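Letter by letter, the chains look like this.
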Amino acid sequence: KKEEDKKKEEVLTVDVSNGLVTVHALRADIHKVIAQIAQKTGLSVTLDDAVSHQVNINLNRMRPLDVIRAIATGYGLALSTVGDVHMLSEGVPKDLTTYNRSGTASFPMDYLRAEDAKELLPAFLTQYVHFNEEQNAVVATAPSQMLDKIRRDLESVDQPPPLIMVEVVAVEITDIGQEERGLSWLYSTHDR
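Overview of the structure. What you are looking at is a predicted structure, and each value in this text was computed from that prediction instead of being measured.

This paragraph deals with the overall build of the protein. Along the backbone of the protein there are seven helices and nine strands. Residues classed as buried in the protein amount to 32% of the 192 residues present. With the model as given, the accessible surface of the protein reaches about 13500 Å², and the carbon-plus-sulfur share is 51%.

Quick look at the structure:
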């Protein structure tokens, strides 16, 4: 039973050295993680109360804002900045606050069916992505930083199929004598 309790323990360390942040977190409440980063770096960060995640990260020697961006991207959160305040909220719009920090983009497919392209994306993105059959496009509503990544991923899979060139030479044989010279058919069976 003590081993189970140890497995469920929250681990969180945030160290700042020469302006760079190192964060080690295991099953740590995201509110605690962001609060410690803000406290130790002086970065103004707010986290929407609707956000609820256990954070498992290992980030070494990164700039404070890059740490916040990494957490936002890793947990599908929308990150927006107003003045010098950075705000994190859920990436899938379920309320007005989240909607204001998210964007929607349509990515037309040239070579794949949009439904097939959607299936090639990582499973955790399915809540952000839909497809428009009429326009053969993948439509995503997600935090802005995720839209760029989704666009790049879709571009990498929406590639033209490889072209195969086949050369054929047709030869017409009109003289029976030449047929015998050019072709030799042999069929045999060996009994052993």
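What follows deals with the pattern of salt bridges. This structure, assessed with the given rule, holds seven salt bridges. Of the charged contacts, one joins Asp 66 and Arg 63 as a salt bridge, the two residues approaching to 3.2 Å between their closest N and O atoms. Arg 69 is paired through a salt bridge with Asp 66; the nearest N and O atoms lie 3.1 Å apart. Remark: Asp 66 and Arg 69 occur in helix α3 (residues 64–74); sequence separation between them is three residues, near one turn of the helix. Residue classification places Asp 66 among the partly exposed positions, given a relative accessible area of 22%. Salt bridges sharing common partners tie together Arg 63, Asp 66 and Arg 69.

With 25 residues, the main nonpolar core has Val 23, Val 33, Ile 71 and Leu 88 as its most contacted residues. When contributions to this core are tallied by element, the ones reaching two or more residues are β1 (11–17), β2 (20–29), α2 (30–41), β3 (44–47), β4 (54–62), α3 and β5 (77–82). Ignoring sequence-local partners within four residues, the contact set of Leu 88 consists of Ile 34, Val 45, Thr 46, Leu 47, Asp 48, Val 51, Ile 68, Ala 72, Leu 77, Ala 78 and Leu 79.

A cluster of nonpolar side chains, namely Ile 164, Val 166 and Val 168, defines an oily patch on the protein surface of about 390 Å² accessible area. In this fold, Ile 164 is placed in the loop between α6 (144–157) and α7 (176–182). Given a relative accessible area of 75%, Ile 164 falls into the exposed group.

What follows covers the sheet that holds β2. The antiparallel open sheet is built from three strands, whose spatial order is β1-β2-β4. Every interior strand has two partners, whereas the edge strands, β1 and β4, have only one. Going across the sheet, the axis of each strand differs from the next one's by a mean of 10°, ignoring polarity. Pairing between β2 and β4: six bridges, direction antiparallel. Looking across to β4, one finds that Ala 28 is bridged to Val 55. Strand contacts of α3: β2 and β4, with the helix running at about 150° to β4, the strand carrying the most contacts.

Strands sit in the order β3-β6-β5 across an open sheet of three strands; the sheet is mixed. Unpaired on one side and paired on the other, β3 and β5 mark the two borders of the sheet. Each adjacent strand pair in this sheet contributes to an overall mean axis angle of 20°, direction not counted. Along the sheet face, α2 touches β3, β5 and β6 (85–90) and points at about 170° away from the line of β3.

Reading guide: rules and limits
- Residues numbered from 1 in each chain as written.
- Predicted model: local features only at pLDDT ≥ 70, side-chain atom pairs only at ≥ 80, totals over all residues.
- Heavy atoms only, no water.
- Helix = DSSP H or I, 4+ residues; strand = E, 2+ residues; numbered from the N terminus.
- Buried < 20%, exposed > 50% of the residue type's maximum accessible area, 1.4 Å probe, protein only.
- Areas by Shrake-Rupley, 256 points an atom, 1.4 Å probe, with all protein chains shown as cover.
- Salt bridge = Lys/Arg side-chain N within 4 Å of Asp/Glu carboxyl O.
- Core = buried A, V, L, I, M, F, W, Y, C linked by side-chain atoms within 4.5 Å.
- Contact = heavy atoms within 4.5 Å.
- Patch = residues over 30% accessible without salt bridge, like charges linked within 9 Å, V, L, I, M, F, W, Y side chains within 5 Å.
- Pairing = 2+ DSSP bridges.
- Axes fitted to C-alpha atoms, helices over the stretch in contact; angles between N-to-C directions.

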